[in-house]
Each structure stands twice: as C-alpha cells, then as structure tokens.
Amino acid sequence: MYEYIMIGIIAIITFLTRALPFLIFKDKSNSFIEYLGEVLPYAIMAMLVVYCLKDISLLTGNHGICEIIGVFSVILIYLYKRNTLLSIFVGTIIYMICVQVIFI
C-alpha cells in the first residue's frame, strides 16, 4: 500500500509541475514570457551544439572528422529542407555511421 501512495503522490506532483504554469499564466499576457518563448529554443540549440562539441580532440584519434561531418550534414540538410527535426535525425545517423563504420 505504501508504494501505491508514493506513486500517486509522485504522479500528482509531476502533473502539477507541468500544469501549474499554464494555469497561472493562462489569462495574463506577459511580454517577458513571450520573449522567452521566442528566444529560448535558439539558445537551447546553441547550448546543445557547444555541449556536443566540447570534448573534440583535434590532436588525437580521428581529429574531429566525424563531428565536423555531422555538423555540416545537419546544416546542409536544414538549408535544403528547412526541417529541424529531419536535419537533426539525419545528421545523427550520418555521425553514427561515421563513428561506427567508416572511422573505426
């Protein structure tokens, strides 16, 4: 019984943390919140790029060739199709093929 109560409390708290901001800000037009909604996706993507490329060693191993190929493939596919999800998905596949098959 203790486990069911704990799972229920965790589920309620998780639901509240997801729903509460929508309930609080549903009628309010806050320019700061709208600004964050416009700016944060780009900032998060830039932070992910920096995080993914921070451990590249240009002096050892394959010298970052796989990472460079992956980044450029994401850029080129995005410029060609203008689809963020597709470019990230295909770029990840190209990077994994480079790491697992080409540059073993």
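Residues numbered from 1 in each chain as written. Predicted model: local features only at pLDDT ≥ 70, side-chain atom pairs only at ≥ 80, totals over all residues. Heavy atoms only, no water.

Trainee: Can you break down the pattern of salt bridges residue by residue, with the values?
Mentor: Tallied over the entire structure, the rule returns one salt bridge. Note that Lys54 and Asp55 form a salt bridge whose closest N and O atoms lie 2.9 Å from each other. Look at Asp55 and you get exposed, because its relative accessible area is 62%. (Salt bridge = Lys/Arg side-chain N within 4 Å of Asp/Glu carboxyl O. Buried < 20%, exposed > 50% of the residue type's maximum accessible area, 1.4 Å probe, protein only.)

Trainee: Just give me the short version of helix α1 (residues 2-24), but keep the residues and values in it.
Mentor: With 23 residues, α1 should reach 33 Å at 1.5 Å per residue; the first-to-last C-alpha distance of 32 Å fits that figure. Of all the bends in α1, the largest measures some 35° and sits at Arg18, one to four residues before the proline Pro21. (Helix = DSSP H or I, 4+ residues; strand = E, 2+ residues; numbered from the N terminus. Expected span 1.5 Å × (residues − 1). Bend = angle between axes of the 7 residues up to and from the residue.)

Trainee: How would you explain the confidence of the model for the chain if you had to name every residue and give the values?
Mentor: Across the chain, the average pLDDT comes to 86, with 96% of residues at or above 70. Mean pLDDT in the chain bottoms out at helix α2 (residues 31-53), which sits at 84, and peaks at α1, which reaches 92. (pLDDT = per-residue confidence, 0-100.)

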